[in-house]
Amino acid sequence: MRTELVSEPGDPDRPNEDFAAVALPASGQGGSLVVLDGVTPPGDGGGCLHSVPWFTSRLGGALTELAVSLPDVPLARALSLALARTAEGHAATCDLSHPRTPQATVVLARWSPVSVEYLVLSDSVLLVEAPDGVVTPLLDDRLDRLPRSALASHAVVDGTLRNREGGFFTAAADPSVSSRAVTGSLPRGEVRTLTALTDGAARWVERFHQGDWADCLALVRADGPRSLVDRVRALERADPDGEAPRRGKTHDDATVVHVELAPR
């Protein structure tokens, strides 16, 4: 098995709000990956004393441990347990009911000799490549399905769409949000590689339209995750005002985790 991981902040003067990890159990059978994209808070801090990196490191650490230590527990249940553990760590000091309490998108994958399980919540991406080279993007596209007019301001999004029915969901303080994730399982023999990307790296496809998901996976396989992030940065620098295409940040934190599974 081969793994590669790159995670780079969008602004070198700000901490990276992404989290990424690959874990291999002591048995040597299978493994897991975790990728979180922390949601940048509003200026008032979202009612929490803690930073987004504090939250993503707590939640990501819990998910990394639980995915390995509880191999028979479904990934949605592992996410629920990790959210409850993380919320308990700051419930006494912070307003966890605030719509912008620290939160993150989630990609989880766990593989065994028999199967590959996955979970995707919000707008990060998991690419699954089959042995014949066919690439399938596993997406939670609820945010993309919303009309752009509904996303006119943070106040409207937070008050009517964020973690609400008819809107979109992220991992924040409510463990029940795990039931909203896109989940599933594939036979192990149908998966050759797994590639998880936060939306800062997925811009190469979703914003700049440099290729499709199969092209993106081919780039990562051939030249490595660093090459993908470098190409995204070059495209961003060529359009510093974010006009073509429009995007909320000139540069975003960008994370890529690529895992080539051993042949079956």
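1. Observations regarding the overall build of the chain
Line of reasoning, step 1. Helix and strand counts for the chain come out as 7 helices and 10 strands.
Line of reasoning, step 2. Here the C-alpha atoms of the chain give a radius of gyration of 18 Å, agreeing with the 18 Å that 2.2 N^0.38 yields for 264 residues.
Line of reasoning, step 3. Considering the chain as a whole, with its 264 residues, one finds that 52% of them fall into the buried category.
Line of reasoning, step 4. The contacts in the chain between residues at least 6 apart in sequence include a share of 70% that link residues at least 24 apart.
Line of reasoning, step 5. Looking at the chain as shown, the accessible area adds up to about 11600 Å², and 52% of this sits on carbon and sulfur atoms.
Line of reasoning, step 6. The positive charge centre, built from 26 side chains, and the negative charge centre, built from 36, are 2 Å apart in the chain.

2. Observations regarding helix α7 (residues 225-237)
Line of reasoning, step 1. With 13 residues, α7 should cover 18 Å at 1.5 Å per step; its first-to-last C-alpha distance of 19 Å lies within 8% of that length.
Line of reasoning, step 2. At its buried positions, α7 is contacted by β1 (2-8), β9 (193-197), α5 (199-206), α6 (213-223) and β10 (254-260).

3. Points about the state of the cysteines
Line of reasoning, step 1. One pass over the structure, following the stated rule, counts 0 disulfides.
Line of reasoning, step 2. Not engaged in a disulfide, the cysteine cysteine 48 finds its nearest cysteine sulfur in cysteine 94; these two sulfurs lie 3.4 Å apart.
Line of reasoning, step 3. A relative accessible area of 11% means that cysteine 48 is categorised as buried.

4. Some details on unusual backbone geometry
Line of reasoning, step 1. Non-glycine residue asparagine 163 carries a positive phi angle of around 55°.
Line of reasoning, step 2. Secondary-structure assignment places asparagine 163 in the loop between α4 (154-160) and β8 (182-187).
Line of reasoning, step 3. For histidine 209, which is not glycine, the phi dihedral falls at a positive 55°.
Line of reasoning, step 4. Within the secondary structure, histidine 209 is located in the loop between α5 and α6.

Parameters and conventions
- Per chain, residue numbering runs from 1 following the sequence as it is written.
- Predicted model: local features are reported for residues with pLDDT of at least 70 only, side-chain atom pairs are reported and counted for 80 or more only, and whole-chain, interface and lining totals are derived from all residues.
- The basis for the side-chain values is all heavy atoms of the structure; hydrogens and waters are excluded.
- A helix here means a DSSP run of H or I that spans at least four residues, while a strand means a run of E at least two residues long, and both kinds are numbered starting from the N terminus.
- Using C-alpha atoms as the atom set, the radius of gyration is obtained and then compared with a globule rule of 2.2 Å times the number of residues to the power 0.38.
- Each residue is assigned to one of three classes by its accessible area relative to the maximum for its type, calculated with a 1.4 Å probe on protein chains only: buried under 20%, partly exposed between the two thresholds, exposed over 50%.
- Residue contacts are counted whenever heavy atoms from the two residues lie within 4.5 Å of one another.
- Note on areas: these come from Shrake-Rupley sampling with a 1.4 Å probe, and a residue is covered only by the protein chains present in the view.
- Positive charges come from Lys and Arg, negative ones from Asp and Glu, while His and the chain ends are left out of the count.
- In this description, the location of a charge corresponds to atom NZ of lysine, CZ of arginine, CG of aspartate or CD of glutamate.
- Multiply 1.5 Å by the residue count of a helix minus one, and that product is the helix's expected span.
- Pairs of cysteine sulfur atoms within 2.5 Å are identified as disulfides in what follows.

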